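Now for the letters of each chain:
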There are 2 protein chains.
Amino acid sequence: MSAIDDLIKALCCLPGVGQKSAQRMTFQLLERRREEAKVLAQALLTAADNVGHCQRCRTLTENTLCSICESPKRQSSGLICVVETPADVMAIEQTSQYQGRYFVLMGHLSPLDGIGPDDIGLDVLEQQLQQGGIEEVILATNPTVEGEATAHFIADLARQHRITTSRIAHGVPVGGELGYVDQTTLGHAFSGRKRLD
Amino acid sequence: MSAIDDLIKALCCLPGVGQKSAQRMTFQLLERRREEAKVLAQALLTAADNVGHCQRCRTLTENTLCSICESPKRQSSGLICVVETPADVMAIEQTSQYQGRYFVLMGHLSPLDGIGPDDIGLDVLEQQLQQGGIEEVILATNPTVEGEATAHFIADLARQHRITTSRIAHGVPVGGELGYVDQTTLGHAFSGRKRLD
Ligand SMILES: [Zn+2]
Ligand SMILES: [Zn+2]
């Protein structure tokens, strides 16, 4: 059963999928969902080969600029929201409450792991703050030690350019990850954001 | 983000994977596991294109005969265990307690859905009973209404060929607590009770 074993093993690489789930998925795909299995295979290949980073906000996209960076209305909003991951962008977009632009760090500051400002694109962010047109930096990094440290670092950066900063506040559970918060909570976190002085 | 959206949607076709999990999987694959994504894509294509049914026991395999049907020792054991799915074979194999052969119905009798004996391969099973060499048919279909009906039907078939049949025991799982076992299982545990001598 080597093709079957290979598939079970490969499915185990998905986050949250253990041996038992992988077996169940494999048998279900092979017993009655072969077309869906092929569609999934093609989607994996297309995404793995074509998805890169947006040249402006660094989120994942298959184009030079993501659809949000392509929107003149959102680019001229004066708001830039800094998040850790593309999943955070998606979560915030699903609230439909935010109409500004984003900057995606693809991580957070982590000196012990050798991850400094340039590794999370803060040189690029600083250029954007310098270019003008940004009135408020909304810090939506995770409420973890690293996320808070990263938010403070960016707040300092914005202050040097005399740009207001705010931190999303209400609702996001401490220690939780933004990508897993429900829409209502995340909406409250945005509307209840506090200015950092 | 269409390649990303396509991947999220395709991952949702996996059993037990909802929108949130699919998003998490997509971002994790694209952020740091592209090679694993490609390996998974290849495993899906290989399995979908090459896996068929064993010509003897009907389980899923990429060969004409599965490895169990290829084993002379297991084929000459005189035991055939009838199960509903290839996942059942895998579960039984993992106990290492059974050394006979299998017959995989790929379903169960379901007259209301138009699934009759030939649809679950009982014509093939009858040929095998006729050929001789089988001393006991072990019925390991699920303890559901359809599984029980299917087991009874096959028991009648075996009886016509004067072959012993047995049904695997259903009851409280070893290590399980009575209070957490569902009613059906507990019912089986009672009706299947054995006298202590
Ligand atoms: Zn962008
Ligand atoms: Zn076989």
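- Under an unreviewed UniProt entry, the name given to chain A is Recombination protein RecR, and the organism recorded is Idiomarina tyrosinivorans.
- Per its UniProt entry, chain A bears the Function (unreviewed entry) comment "May play a role in DNA repair. It seems to be involved in an RecBC-independent recombinational process of DNA repair. It may act with RecF and RecO."
- Chain A has a UniProt comment under Sequence similarities (unreviewed entry) that states "Belongs to the RecR family."

1. A few points about the confidence of the model for chain A
All names here are of chain A.
Here's step 1: Considering every residue of chain A, the mean pLDDT works out to 89; 90% of them sit at 70 or more.
Here's step 2: Mean pLDDT per element in chain A: strand β7 (residues 194–195) is the minimum at 67, and strand β4 (residues 101–104) is the maximum at 97.
Here's step 3: Here the prediction assigns the complex a pTM of 0.76, and the interface score ipTM is 0.79.

2. Structural notes on the sheet that holds strand β5 (residues 136–139) of chain B
Residue and element names in this part refer to chain B.
Here's step 1: Read from one edge of the open sheet, four strands run β4-β3-β5-β6, paired in parallel fashion. Edge positions in the sheet fall to β4 (101–104) and β6 (164–167), since each of these pairs with one other strand and no more. Adjacent strand axes in the sheet meet at a mean angle of 25 degrees, parallel and antiparallel pairs treated alike.
Here's step 2: Relative to β4, strand β3 (residues 79–83) runs parallel, the two sharing four bridges. Opposite V83, over in β4, you have V104 as the bridge partner.

3. Re the pattern of salt bridges
All names here are of chain A.
Here's step 1: One pass over the full model with this rule turns up ten salt bridges over all chains.
Here's step 2: The closest approach of N and O atoms between R159 and D156, which form a salt bridge, is 2.9 Å. Of the two residues, R159 and D156 are both situated in helix α7 (residues 145–160); the distance of three residues between them amounts to about one turn of the helix.
Here's step 3: Take R159: its relative accessible area is 40%, and that puts it in the partly exposed class.

4. Quick look at the pairing of strand β3 (residues 79–83) of chain A
Moving residue by residue along a regular strand, the side chains alternate between the two faces of the sheet.
Residues and elements named next belong to chain A.
Here's step 1: Of all five residues in β3, four are buried; the element is thus mostly enclosed.
Here's step 2: As paired elements, β3 and strand β5 (residues 136–139) share four bridges and run parallel to each other. Bridge pairing in β5 links V82 to L139.

5. With respect to the domain arrangement of chain A
Here's step 1: The assigned domain composition of chain A is domain 1 (2–50) and domain 2 (73–167).
Here's step 2: Centre-to-centre separation of domain 1 of chain A and domain 2 of chain A, based on C-alpha positions: 35 Å.

6. Notes on the coordination of the zinc ion (ligand 1)
Residue and element names in this part refer to chain A.
Here's step 1: On the protein side, the zinc ion (ligand 1) has C54 (SG), C57 (SG), C66 (SG) and C69 (SG) as donor atoms, found 2.3 Å from it.
Here's step 2: Classification of the site at the zinc ion (ligand 1) rests on its four donor atoms, whose angles at the metal span 106 to 120 degrees, yielding the label tetrahedral.
Here's step 3: Linear spacing of the donor residues for the zinc ion (ligand 1) on their chain is C-x2-C-x8-C-x2-C. Of this pair, C54 sits in the loop between β1 (52–53) and β2 (60–61) while C66 sits in the loop between β2 and α4 (72–75), and the two are twelve residues apart along the sequence.
Here's step 4: A relative accessible area of 4% places C66 in the buried class.

Rules used throughout
- Residues numbered from 1 in each chain as written.
- Chains lettered and ligands numbered in written order.
- Predicted model: local features only at pLDDT ≥ 70, side-chain atom pairs only at ≥ 80, totals over all residues.
- Heavy atoms only, no water.
- UniProt positions renumbered as here; feature names shortened; annotations may be inferred.
- pLDDT = per-residue confidence, 0-100.
- Helix = DSSP H or I, 4+ residues; strand = E, 2+ residues; numbered from the N terminus.
- Pairing = 2+ DSSP bridges.
- Axes fitted to C-alpha atoms, helices over the stretch in contact; angles between N-to-C directions.
- Salt bridge = Lys/Arg side-chain N within 4 Å of Asp/Glu carboxyl O.
- Buried < 20%, exposed > 50% of the residue type's maximum accessible area, 1.4 Å probe, protein only.
- Domains from an automatic or database assignment.
- Donors = N, O, S within 2.8 Å, 3.2 Å for Na, K, Ca; no water.
- Tetrahedral: all angles 85-135°; square planar, octahedral: opposite > 155°, others 65-115°.

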